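One-letter residues, chain by chain:
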Amino acid sequence: MRLAHTRIVTKNVPRLASFYEQITATSAVGSEEYVQFRALGNGLAICSERAMALHGNGAATGASNRSIIIDFEVHDVDAERERLAGVIGVLVSEPTTQPWGNRAMMFRDPDGNLVNFFTVIYDRS
């Protein structure tokens, strides 16, 4: 078994896809109902509530997540903070060194999903 990708359900695929294209510097492939970011390892997908209704109406609701964090390992989290200064709307935490060896910042995407950019600065194992 392998994790294929993480999927975010939204009311506005083009808006959310554009945001993730900016923060990842990667292009999305798909339509106004469903896109994938294939170049991101295990990947990220974004689909509309309308597309999710095919699996059962109300199966997922966009902009209602408060329990999942989307983690991206980056080369230099401080450089990413500078690069994304005009893109990130809600910054949850500035780059901070964590006790487990990561330097990380957290912010919210346009739907309110929590995104974490981190750099491993030392291995605690």
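To keep things clear, this report deals only with the structure shown in the data block. (Residues numbered from 1 in each chain as written. Predicted model: local features only at pLDDT ≥ 70, side-chain atom pairs only at ≥ 80, totals over all residues. Heavy atoms only, no water.)

## Points about the sheet that holds strand E5 (residues 69-73)
The condition that has to hold: When DSSP finds two or more bridges between a pair of strands, those strands are recorded as paired. Only DSSP runs of H or I covering at least 4 residues are called helices, and only runs of E covering at least 2 are called strands; the numbering of each starts at the N terminus. Lines fitted to the C-alpha atoms define the axes, with helices restricted to the stretch that makes contact. Angles between their N-to-C directions range from 0 to 180 degrees.
Within the open sheet, the four strands sit side by side as E5-E8-E7-E6. Their pairing is mixed. Of all strands in the sheet, those with a lone pairing partner are E5 and strand E6 (90-97), marking the two edges. Each strand axis lies, on average, 15° off the axis of its neighbour in the sheet, ignoring direction.

## Observations concerning the nonpolar core
Considering soluble globular proteins, one finds that nonpolar side chains tend to be buried as a cluster. Quick reminder of the rule: Joining through side-chain atoms within 4.5 Å is the link that ties buried Ala, Val, Leu, Ile, Met, Phe, Trp, Tyr and Cys residues into a set, and such a set is a nonpolar core. Only protein chains enter the calculation, and the probe is 1.4 Å; a residue is then buried if its accessible area is under 20% of its type maximum, exposed if over 50%, and partly exposed in between. Throughout, a residue-residue contact means that at least one pair of heavy atoms, one from each residue, lies within 4.5 Å.
Among the nonpolar cores identified, the biggest contains 21 residues, and Tyr20, Ile23, Ile46, Phe107 and Phe117 are the most heavily contacted of them. Looking at this core, the element that brings in the most residues is helix H1 (residues 13-24), giving six residues. In this view, Phe107 contacts Phe19, Ile23, Ile88, Val90, Leu91, Val92, Asn113, Leu114, Val115 and Phe117; residues no more than four positions away in its chain are not counted.

Everything listed here is a matter of coordinates, which is why it stays silent on function.
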